[in-house]
Amino acid sequence: MAGAITNNSKSNSGIYAGSAHVLMLPSWLIIGFFLLIPVLLMLVYSFLTKEFRGGVIWEFSLDAYDQFFFYRGLFGDEPPVFEWTYVGIFWRSIWQAGAATIFCLIIGFPTAWFIAMRRGANKSVWLFLITIPYWVNLLIRTISMKFLIRDNGPLNEWLLWMGAINEPIHMINTNFAVQLGLFYSYLPFMVLPIYASVERYNFALSEAAADLYASHWETLRLIILPAVKPGIIAGCILVFVPSLGAFLAPDLLGGAKTFMIGSLIEEQFKGNAGNWPFGAAASMILLSMVLAMLTYYARQQSKEVS
Amino acid sequence: MATDVQVKDIAIDIRSVSKLFGDFVALDKVSLGIRDNEFFTLLGPSGCGKTTLLRTIAGFEDVSAGEIVLYGKDIASLPPNKRPVNTVFQQYALFPHMDVMQNVKFGLLRQGVDEVEATKRVSEVLELVQLNQFANRLPSQMSGGQQQRVALARALAPKPKVLLLDEPLSALDLKLRQAVRLELQQIQNETGITFVFVTHDQEEALTMSDRIAVINDGQVQQVGTAEEIYEAPKNKFVADFIGETNLIDVKVKSVSGGKASCILPGGAAINCSAADGAKAGDGHLSIRPERVALVSPTKGTFVGTVTRQIYLGTDMHVDVQLDDSETVKVRVQNSKVAKIPEIGTKAGLNFDSDAARLLVD
Ligand SMILES: Nc1ncnc2c1ncn2[C@@H]1O[C@H](COP(=O)(O)OP(=O)(O)OP(=O)(O)O)[C@@H](O)[C@H]1O
Ligand SMILES: [Mg+2]
């Protein structure tokens, strides 16, 4: 499919190429201005020297990257030892984002499937319901979540009242709370692309599979999942990448033990205590990781097509 | 319908199957006995319920009432993957992410056939549909006709007892369709699988089938060989739907022993064959255009004016308007072109009494 589309656009490019470039110009300008320049700025900052009350001194230095990976003693004069703190935070972030992605997938896939199965107008209603939370600012939603799962919050009160538990479950400041926050923040990013690909799925294929003696499970695994895979992968990327850099959910719902990359970076730029070059360096490391992942994925895709 | 068939010969016995979609009756007490090794065709206009009937046999639709018995076993409650029946879908429904080999192998692997055995069987069926060199192509890289044959191979591979084909040729152009028709018949002969073939194309039905069931509005109108259905249509619908015919309103004087005597609109009496169940009173006579002869006005039983001539290649189609305003369609072979009277001139019409047939309304 993708191959056919590429071919098509290639054969058309002779006629449309000129006007297409003109039409793309505003987009290119916006992307260039608001995406590339800030990233370049960060890249430059990460190689500068820190100013003690925030900000930078325009002097080349590798200190930021050095600090990320190595410990050189309190005064910076000891031989370098590999430093686990920040790498550990990164590792935990990847783990958290991965888990959030899996939870979103487990809940998001059936949800998307359910919506795609509705008829006409019902579909739009369900999609609308999914997007409603997005009309409220993420900060406010995350704070509400915090109130909801507090030790004496409505959720615990309700469980106590139901008699399901004898004492409040401690949820706030745990991994569970962070997971819940990430899950709640990014679930629609999983649902919508999967919905789009299920919508396009040709259900005659399921009938054909059943006709050829496939059980429900085999039909799901061998026919449906490969067909909606692009949607699943898009959904996973759309959940994983922002979860990795998220700082609201870990800040508000998690404690010191659930500190994630996003919070680490945020802290470096906040108030007077920060370290801009270090924050920039951490951002660049995060960005390289994400880019490496996406490039790997794109490579795999193009391999499959050819 | 199935009473004239020995029970042991029946592959699929459909016993008063009804299917309702809400209030809408898609199948109305359909009873059919499809014989073993038979090329059986379901023929009818769009929306008459052909696909619905096929889908109930395959198990994609539950029946609202009735039984479907496959080789003596009631299968109405079995899910599709438990029925020894395979389908060639109208839109092929090939798995787009699998190559031809994997598509054809799919059913075999689900049945638990081992990889080596399955691969062997796949090349057998690909040989049968002449697609050996395409084993590693994706469906999207093949023409419509090739995809159709992949769909056929995929359905044949697990050696089903019955193969269901839902208008498998409708997406093909005329030349390809004719080629694939022959191929299908050949494959049916070679494999001995019972084919249930759906089409709304009467020519396809007449040329390919051992027997045909003509369906309209969810009801079986007539079951029989191509010849029986064409030469001895039972009712007005069948006579009109299969081939071209002249339907003439007549007064029926008497019916007995498959013969009837009727009064034509002009007042002339005629003896003709009668379908089972035809009654005295008002009735319809069917006369095929090619059974009507054009003669000079003085020699004709009927006389009329030629109003239209259509050149059809091998044949010529002529409309003759009788004096009492009925128009009779006549079909003559083009070798006799010289004798066809000009438009506007008088012409006589003759036909044998066995060319006319009294129908059930
Ligand atoms: N799922 C459904 N819900 C409601 N009505 C249906 C459904 N499926 C079929 N029908 C109706 O049942 C009737 C028979 O449909 P079916 O698809 O069997 O027709 P068909 O004979 O195969 O026609 P065609 O030659 O156009 O394919 C049609 O009037 C159709 O509208
Ligand atoms: Mg149909």
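Since we're looking at a predicted model, the values are computed, not measured. (Residues numbered from 1 in each chain as written. Chains lettered and ligands numbered in written order. Predicted model: local features only at pLDDT ≥ 70, side-chain atom pairs only at ≥ 80, totals over all residues. Heavy atoms only, no water.)

## A few points about the pairing of strand β11 (residues 246-256) of chain B
Residues and elements named next belong to chain B.
Right, so step 1: In this structure, β11 lies alongside strand β14 (residues 281-287), joined through seven bridges in antiparallel fashion. Across the sheet, D249 pairs through a bridge with H284, a residue of β14.
Right, so step 2: Pairing between β11 and strand β12 (residues 259-263): five bridges, direction antiparallel. Across the sheet, residue S254 finds its bridge partner in β12, namely S261.
Right, so step 3: Connecting the antiparallel pair β11 and β12 is a turn made up of two residues, with G257 showing a positive phi of about 55 degrees. (Pairing = 2+ DSSP bridges. Helix = DSSP H or I, 4+ residues; strand = E, 2+ residues; numbered from the N terminus.)

## Thoughts on unusual backbone geometry
Residues and elements named next belong to chain B.
Right, so step 1: Phi at K29 is positive, roughly 45 degrees, even though this residue is not glycine.
Right, so step 2: For K29, the location among the structural elements is in strand β2 (residues 24-35).
Right, so step 3: Owing to a relative accessible area of 61%, K29 belongs among the exposed residues under this scheme.
Right, so step 4: With a phi close to 45 degrees, Y71 is a non-glycine residue in the positive phi region.
Right, so step 5: With respect to the secondary-structure elements, Y71 resides in the loop between β4 (65-70) and β5 (73-74). (Buried < 20%, exposed > 50% of the residue type's maximum accessible area, 1.4 Å probe, protein only.)

## Looking at the site of ligand 1
Residue and element names in this part refer to chain B.
Right, so step 1: As a structural note, the neighbourhood of ligand 1 is formed by 13 residues, with S46, G47, K50, T51 and T52 the closest of them.
Right, so step 2: Between an oxygen atom of ligand 1 and a main-chain N or O atom of C48, the distance comes to 3.2 Å.
Right, so step 3: Here ligand 1 loses 61% of its free accessible area of 640 Å² to cover by the protein chains.
Right, so step 4: At the level of elements, β2 and α1 (50-58) are the ones that each hand at least two residues to the shell around ligand 1.
Right, so step 5: Here the shell around ligand 1 gets three residues from one element, more than from any other, and that element is α1.
Right, so step 6: Its residues assigned to classes, the shell around ligand 1 comprises five nonpolar, six polar and two charged. (Near = heavy atom within 4 Å. Polar contact = N/O pair within 3.5 Å; in protein donor to acceptor, adjacent residues only side chain to side chain. Areas by Shrake-Rupley, 256 points an atom, 1.4 Å probe, with all protein chains shown as cover. Nonpolar A, V, L, I, M, F, W, Y, C, P; charged D, E, K, R; others polar.)

## Observations regarding a nonpolar patch on the surface
Residues and elements named next belong to chain A.
Right, so step 1: Together, F114, V125, W126, F128, L129, I132, W135, V136, L139, I140, I143 and F147 make up an exposed nonpolar region whose accessible area comes to about 1100 Å².
Right, so step 2: At the level of secondary structure, the elements contributing two or more residues to the nonpolar patch comprise α4 (120-131) and α5 (138-149).
Right, so step 3: Relative to the helices and strands, W126 resides in helix α4. (Patch = residues over 30% accessible without salt bridge, like charges linked within 9 Å, V, L, I, M, F, W, Y side chains within 5 Å. Salt bridge = Lys/Arg side-chain N within 4 Å of Asp/Glu carboxyl O.)

## Things to note about the sheet that holds strand β10 (residues 219-224) of chain B
Residue and element names in this part refer to chain B.
Right, so step 1: Reading across the sheet, the six strands line up as β6-β7-β8-β3-β9-β10 and stay open at both edges, with mixed pairing between neighbours. In this open sheet, the two edge strands, each paired with only one partner strand, are β6 (85-88) and β10. Pairwise comparison of adjacent strand axes, ignoring direction, gives a mean angle of 20 degrees for this sheet.
Right, so step 2: In the sheet, strand β9 (residues 211-216) pairs with β10 via five bridges, with the strands oriented antiparallel. Each bridged residue has a counterpart across the sheet, and for V214 the counterpart in β10 is Q222.
Right, so step 3: Docked against the sheet, helix α5 (residues 174-191) engages β3 (39-43), β7 (162-166) and β8 (194-199), running at close to 155 degrees with respect to β8. (Axes fitted to C-alpha atoms, helices over the stretch in contact; angles between N-to-C directions. Contact = heavy atoms within 4.5 Å.)

## Quick look at the domain arrangement of chain B
Right, so step 1: Split into domains, chain B comes out as domain 1 (7-231) and domain 2 (246-358).
Right, so step 2: Distance between the C-alpha centres of domain 1 of chain B and domain 2 of chain B: 39 Å. (Domains from an automatic or database assignment.)

## What about the interface of chain B and chain A?
Right, so step 1: Facing the 24 residues of chain B at the interface are 15 residues of chain A.
Right, so step 2: Approximately 1700 Å² of surface area, both sides summed, lies buried where chain B meets chain A, with 64% of it carried by carbon and sulfur atoms.
Right, so step 3: Residues A:E218 and B:R110 are paired through a salt bridge, measuring 3.3 Å at the closest nitrogen-oxygen approach.
Right, so step 4: The set of elements that each furnish at least two residues to the side of chain B that touches chain A consists of α1, β6 and α2 (100-110) of chain B.
Right, so step 5: Taken together, the residues that form the side of chain B that touches chain A break down as 14 nonpolar, six polar and four charged. (Buried area = accessible area lost by both parts, 1.4 Å probe.)

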